[in-house]
Amino acid sequence: MNNSNNLIAVIGEATIAKVFTALGFTVFYDTERDAIIARCDQVTADGYRIILILEHEAALIADYLDAHASDIYPIIMPIPDTLAGDHYGMNRLQANLAKAIGRQEGGNL
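Here's what I pulled together on the structure shown here.

### A word on the side chain of Glu57
- With respect to the secondary-structure elements, Glu57 resides in helix α3 (residues 55–60).
- Buried Glu57, no salt bridge; nearest opposite-charge side chain is Arg39, N-O distance 12 Å.
- Those residues in contact with Glu57, other than ones at most four positions away along the chain, are Gly12, Glu13, Asp30, Thr31, Ile36 and Asp81.

The following block contains the structure:
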């Protein structure tokens, strides 16, 4: 890894995720549950500190995210996309922010 952006990986459907290449992030176009989990494990082993996962793909691995929620690194953050109709990414983002600032779940930020 030769720059700080290489510490951030993005996982998700190509038409949306490829936008993150413009920011210099490493992007992977995995969309199947097993492939997403394998990719998370691989980029963790490769030393990535932050993994951004489009919300549609994050919803597929919710149990994996829950199991790794207390890990210090990598930080795995679902990000909202335009494919998921249930707003999984935004809901999870709000819950993570609430946890980070010590606010009870269910309260508005």
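### Examining the sheet that holds strand β2 (residues 26–28)
- The four strands lie next to each other as β2-β1-β3-β4, forming an open sheet whose pairing is parallel. Edge positions in the sheet fall to β2 and β4 (75–79), since each has one partner strand and no second. Averaged over all pairs of adjacent strands, the angle between strand axes in this sheet comes to 20 degrees, irrespective of strand direction.
- Pairing analysis gives five bridges linking strand β3 (residues 50–54) to β4, with the strands arranged parallel. Paired with Ile50 across the strands is Ile75, a residue of β4.

Rules and cut-offs
- Residues numbered from 1 in each chain as written.
- Predicted model: local features only at pLDDT ≥ 70, side-chain atom pairs only at ≥ 80, totals over all residues.
- Heavy atoms only, no water.
- Helix = DSSP H or I, 4+ residues; strand = E, 2+ residues; numbered from the N terminus.
- Buried < 20%, exposed > 50% of the residue type's maximum accessible area, 1.4 Å probe, protein only.
- Lys, Arg positive; Asp, Glu negative; His and termini not counted.
- Salt bridge = Lys/Arg side-chain N within 4 Å of Asp/Glu carboxyl O.
- Contact = heavy atoms within 4.5 Å.
- Pairing = 2+ DSSP bridges.
- Axes fitted to C-alpha atoms, helices over the stretch in contact; angles between N-to-C directions.

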